[in-house]
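# Notes for the structure review
Residue-level listing of the chains:
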Amino acid sequence: MPPAPLESLPLPVPRAPAETLSAVSQRPTYDLFDEPWIPVRWLTDPGRTDTVELPAAVGLHQLLLRAHEIDRITVALPPALSGLYRILYAITARASGLDDVRPRADDDLRGDWSDRRAELTDRGRFEPADIEAFVAGNRSRFDLFDPARPFLQDPRLAEQCDPHNTAGIDKLVTTRPSGNNHAWFRHVDAGAPDAVTAGEAVLHLLVWHYYGPSGRCSSRTIGQAKAANTTAGPLRSSLSYHPEGDSLFETLLAGLPAPESRTSRETDLCPWEWTQLPDPLKAPPALKGPCSALTARSQHALLLVPDAGGRRVEDAFITWAYRDKISREGDPYLIWQTSKEGNLYPRPADSQRALWRDLDALLLKDPAGSTAPRRPTVFFTAVEASEYLRVRALGFEQDGQAKDVQFVDATTPPVIEFAEENEESLAIRVGQLRVLGERYGNRLERAVKKAWAGFTNASKIRDCTWAVDAGARYWPAAEAEFWRRVEARDFEGAGDAFRTIAEQAYDTVTRPAIGTARGARACTTARLDLYGGPRKTARTPGGAGTAGRRTSSTEDQ
């Protein structure tokens, strides 16, 4: 059953001082079904003869009705797109009846879950009647400024937080600096903050729900309980992997997580389907299936403050949603790894790491690696949707609290045809190719660091400018070599090719130091690390062995 409401605090219509929320009882509306807030790119239709210009952005209603005509969503914020995909997966599952292993009583799609998805895929579009029914049944819950149930917000914050100490619009907009933080994309005037459009505010709302920081937040008081700290969002600092097809329709169907046999659409509820808002002081609502798992893991509570016309957002309340932490384990779009202590954690977003280095963890059922990576579970069923799917990686390189480094957004060519389910031997060869490319990149980094330490007479090997320079030369060239060989299905001699790229990068970076005796000695000695390091010589039973003799390098194939 849905969680019970907070008994001591019945759901109120927000009330706050006029300087913060003017005329709250007459809040404007912003219908996410109809307002054009999602930017899209349309598929090219050579047979199209009308001259009507297609809109650059659409609402949820048109997005779903015309998903088969849309190439992709063009949201520029990768973490916002990652969150929006999860919302759309849940909506797609609910509207199409793929939210349960059992078909709906009135559904013309029959069979098990995979068969029903395959039949819908063959139809080439979502059923308009299903979309219309979903919109009609949920319209009031998709109003961004609804006084009682604003979309993915908590109206109680108007009373439970200090209206004179709101977070501010610069805090809401994740690309702006706030407080004492450094400017990232732009400078702002904290004394005269710029409002953002309601559509932009929705995207930053999603970033906060999925990637929000831990630590200090606005104080929230509920009865005698008061707190001003929160837990990090469920996707904080992680990288999310999504299958993408030739149209948004294919993308949404391929990205659907399969429900388990115990999943019931009556209990697996999204936040907009809750009959009452949950009690923040009690345990968060249980995740009872893919829809709730995709949409109800947020640790942050927000309330947007619109202008009088409802076209822009001027301020926001941002605070904690629950005192208890919601587990993020089981997200179907993350590569899960195991720490030395045996704890699971998602592969972090790293703006310096190219997507091809993760490819075997997406294609193989049991990928290799010291961290025992686990394939994102959505790819076990995505291979059934199409062989010609790309992989889109979306994330936010950041720490657990307030430090944000860089967005991550990368796309592969169509690669699902190489998945183990489709061609096992080929998937293994692709994995081996990735290992070779990674091996020589790691050896190059170790070699140049050792050469730098010897050249500068450093006390220990550490990060240095040579390592950055060598990496910038090696990894792009290795990526090009990797994709060339995958496309040609040419795996012979790959080790030699990656080694040559590493040698060229090493020689270029260390060349300025070769002119000195110390530099020549350091660089020549460290160069052996490109080949696995000096060969360890075995001692004879008598102990004489070959100690002191010049050793050769070794190559592990």
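Values in this document were obtained by computation on a predicted structure and should not be read as measured data. (Residues numbered from 1 in each chain as written. Predicted model: local features only at pLDDT ≥ 70, side-chain atom pairs only at ≥ 80, totals over all residues. Heavy atoms only, no water.)

### Considering the overall build of the chain
What counts, and what does not: Only DSSP runs of H or I with at least four residues qualify as helices, and only runs of E with at least two residues qualify as strands; both kinds are numbered from the N terminus onward. When a residue's accessible area, from a 1.4 Å probe over protein chains only, is under 20% of the maximum for its type it is buried; when over 50% it is exposed; and in between it is partly exposed. Reported accessibility uses the Shrake-Rupley method at a 1.4 Å probe radius. Residues are deemed covered only where the shown protein chains occlude them.
Helix and strand counts for the chain stand at 15 helices and 13 strands. Split into buried and exposed, the 557 residues of the chain put 52% on the buried side. Carbon and sulfur atoms make up 49% of the accessible area of the chain, which totals about 25,200 Å².

### Details of the environment of Ala228
Quick note on the threshold: Residue contacts follow a heavy-atom distance rule, with two residues in contact if any of their heavy atoms lie within 4.5 Å.
Looking at the element boundaries, Ala228 is found in strand 6 (residues 225–230). Counting along the chain gives 11 residues from Ala228 to Cys217, while the straight-line C-alpha distance between them is 5.2 Å. Contact partners of Ala228, with chain neighbours within four places excluded, come to Gly215, Arg216, Cys217, Ser218, Ser219 and Trp320.

### Some points on the confidence of the model for the chain
Here is the rule we go by: Looking at any residue, its pLDDT shows the predictor's confidence there, from 0 to 100.
Predicted confidence across the chain gives a mean pLDDT of 88, with 87% of residues reaching 70 or more. The spread of mean pLDDT over the elements of the chain runs between helix 11 (residues 378–385), the lowest at 91, and helix 1 (residues 60–65), the highest at 98. Overall, residues 1–19 carries pLDDT values under 50, and its contacts beyond four positions in sequence, including any with other chains, amount to 42 contacts. Segment residues 546–557 is flagged for pLDDT under 50; beyond a separation of four residues in sequence, or across chains, it makes 24 contacts in the model.

### Quick word on the sheet that holds strand 8 (residues 300–306)
Note the following rule: Two strands are said to pair when DSSP picks up at least two bridges between them.
With antiparallel pairing, the 3 strands of this open sheet are ordered in space as 4-9-8. Lying at the two open borders of the sheet, with one neighbouring strand each, are strand 4 (196–197) and strand 8. Sheet topology places strand 8 next to strand 9 (residues 312–320); 7 bridges connect them, and they run antiparallel. Bridging from a neighbouring strand, Leu304 pairs with Ala316 of strand 9.

### Examining the layout of surface pockets
Condition: Computed over the protein atoms alone on a 1 Å grid, cavities are sets of points where a 1.4 Å probe fits but cannot get out and pockets are open sets with protein on both sides within 12 Å along at least five of seven lines; a residue lines them when it has an atom within 4 Å of a point. Grid points are joined across faces, edges and corners, and a volume is the space filled by probe spheres set on the points. In this count, Pro and Cys sit with the nonpolar residues alongside Ala, Val, Leu, Ile, Met, Phe, Trp and Tyr, while Asp, Glu, Lys and Arg are called charged and the others, Gly among them, polar.
Roughly 610 Å³ of volume is contained in the largest pocket. For the lining of the largest pocket, the leading source of residues is helix 13 (residues 465–488), giving 9 residues. Here the residues of the lining of the largest pocket are counted per class, giving 10 nonpolar, 4 polar and 7 charged.

### Let's talk about the packing of aromatic side chains
Using the following cut-off: Side-chain rings of Phe, Tyr and Trp (the six-membered ring for Trp) are treated as a pair once their centres are within 6.5 Å; stacked means planes under 30 degrees apart, edge-to-face means over 60, and tilted covers the remaining angles. Two limits define a charge over a ring: the Lys NZ or Arg CZ must be within 6 Å of the ring centre, and within 35 degrees of the ring normal.
Counted according to the given criterion, the structure contains 17 aromatic pairs. Both rings, one in Tyr474 and one in Trp475, keep their centres 5.0 Å apart while their planes meet at 80 degrees; by these two values the pair is edge-to-face. Judged by relative accessible area, Tyr474 falls into the buried class, the value being 0%. Members of the aromatic cluster, each reached through a chain of ring pairs, are Phe33, Phe134, Phe142, Phe151 and Trp272. Lying across the ring of Trp475, Arg357 places its NZ or CZ 3.7 Å from the centre.

### Observations concerning the nonpolar core
What counts, and what does not: As used here, the term nonpolar core means buried Ala, Val, Leu, Ile, Met, Phe, Trp, Tyr and Cys residues forming a set that is joined through side-chain atoms within 4.5 Å.
Core analysis: the biggest nonpolar cluster contains 131 residues, and Leu60, Leu63, Ile73, Leu172 and Tyr474 have the highest contact counts within it. Counting residues per element, this core draws most heavily on helix 2 (residues 78–96), which supplies 11 residues. Not counting chain neighbours up to four residues away, the residues in contact with Ile73 comprise Ile38, Pro39, Val40, Leu63, Leu81, Leu84, Tyr85, Leu88 and Leu248. Within the second largest apolar cluster, 13 residues are counted, among which are Ala158, Leu269, Ala296 and Val305.

### Side note on empty space enclosed by the protein
What the rule picks out here adds up to 6 cavities of 30 Å³ or more. What lines the largest cavity is a set of 27 residues, and nearest its centre among them are Leu152, Gln153, His209, Pro271 and Trp274. Broken down by secondary-structure element, the contributors of at least two residues to the lining of the largest cavity are helix 7 (198–211) and strand 8.

### A look at the state of the cysteines
The following threshold applies: Here, a disulfide means two cysteine sulfur atoms that sit within 2.5 Å of each other.
In total, this model carries 0 disulfides according to the counting rule given. Among the cysteines around Cys217, which has no disulfide bond, Cys161 carries the closest sulfur, lying 8.0 Å off.

### A short note on the pattern of salt bridges
Where we set the bar: Salt-bridge detection follows one rule: a side-chain nitrogen of Lys or Arg within 4 Å of a carboxyl oxygen of Asp or Glu.
Throughout the structure, instances matching the rule amount to 42 salt bridges. Across the salt bridge formed by Arg265 and Asp99, the nearest N and O atoms sit 3.0 Å from each other. Of the two residues, Arg265 sits in the loop between helix 8 (248–254) and helix 9 (290–295) while Asp99 sits in the loop between helix 2 and helix 3 (113–123), which places them 166 residues apart along the sequence. A salt bridge links Arg117 to Glu384; the nearest nitrogen and oxygen atoms lie 3.7 Å apart. Here Arg117 is found in helix 3, whereas its partner Glu384 is found in helix 11, with 267 residues between them in sequence. We classify Arg117 as buried; its relative accessible area is 2%.

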